[in-house]
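For reference, the chains in residue letters:
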Amino acid sequence: MSRLNPPVFKVKIGNARKTIKCAADRSILHAAIAAGIDYPYGCASGNCGACVSHLDSGEVHLLPHNDTSLSPGQIAAGQTLACRAQPRSDVTITWLGRPRSS
Ligand code: FES
């Protein structure tokens, strides 16, 4: 992967029924917010669990996070943190929390 030109993947966000683009060096949460999607989040740093989501398909690289926000058992069950997940393929994801505006 080139540092100057990371690959860009399609990320389908099931709750929003939208597909956005997300570069491999960007979190799904940041790409979603930039696209105007009301993705639930709190800390944006892997510490609160508000952005916990189910990875329906595809692969992500999970950046360091607090295990209380996402346990190994949750990861084994297909869950991830949108604020810590960078796509490594086209992805379909569904958030499990509540949007900030509801
Ligand atoms: S927003 Fe807090 S863990 Fe993702």
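Overview of the structure. (Residues numbered from 1 in each chain as written. Predicted model: local features only at pLDDT ≥ 70, side-chain atom pairs only at ≥ 80, totals over all residues. Heavy atoms only, no water.)

## Focus: the overall build of the protein
Each helix and strand in the protein was counted, giving 2 helices and 7 strands. Judged by the C-alpha coordinates and their principal axes, the protein covers about 35 × 30 × 25 Å. Among the 102 residues that make up the protein, the fraction classed as buried is 35%. Within the protein, contacts between residues at least 6 apart in sequence are counted, and of these 60% link residues at least 24 apart. Carbon together with sulfur atoms contributes 50% to the accessible area of the protein, which is approximately 5,600 Å² in total. Of the charged side chains in the protein, 11 are positive and 6 negative; the average position of the first set lies 7 Å away from that of the second. (Helix = DSSP H or I, 4+ residues; strand = E, 2+ residues; numbered from the N terminus. Buried < 20%, exposed > 50% of the residue type's maximum accessible area, 1.4 Å probe, protein only. Contact = heavy atoms within 4.5 Å. Areas by Shrake-Rupley, 256 points an atom, 1.4 Å probe, with all protein chains shown as cover. Lys, Arg positive; Asp, Glu negative; His and termini not counted. Charge placed at Lys NZ, Arg CZ, Asp CG, Glu CD.)

## What about the pairing of strand β7 (residues 91-95)?
Along a regular strand, successive side chains alternate from one face of the sheet to the other. By the alternation rule, side chains of β7 split into Val 91, Ile 93 and Trp 95, which are all buried, and Thr 92 and Thr 94, of which none is buried. One ladder, built from 3 bridges, connects strand β1 (residues 8-13) with β7; its direction is parallel. By the bridge assignment for β7, Val 11 is matched with Val 91. With 4 bridges joining them, strand β3 (residues 52-57) and β7 adopt antiparallel strand pairing. Within the sheet, the bridge partner assigned to Ser 57 lies in β7 and is Thr 92. (Pairing = 2+ DSSP bridges.)

## Focus on the side chain of Arg 84
Relative to the assigned elements, Arg 84 resides in the loop between β5 (79-81) and β6 (85-87). Buried within the structure, Arg 84 lacks any salt-bridge partner; Asp 67 is the closest side chain of opposite charge, at an N-O distance of 12 Å. Within the local environment of Arg 84, its side chain forms a polar contact with the backbone oxygen of Pro 64, the two atoms lying 3.1 Å apart. (Salt bridge = Lys/Arg side-chain N within 4 Å of Asp/Glu carboxyl O. Polar contact = N/O pair within 3.5 Å; in protein donor to acceptor, adjacent residues only side chain to side chain.)

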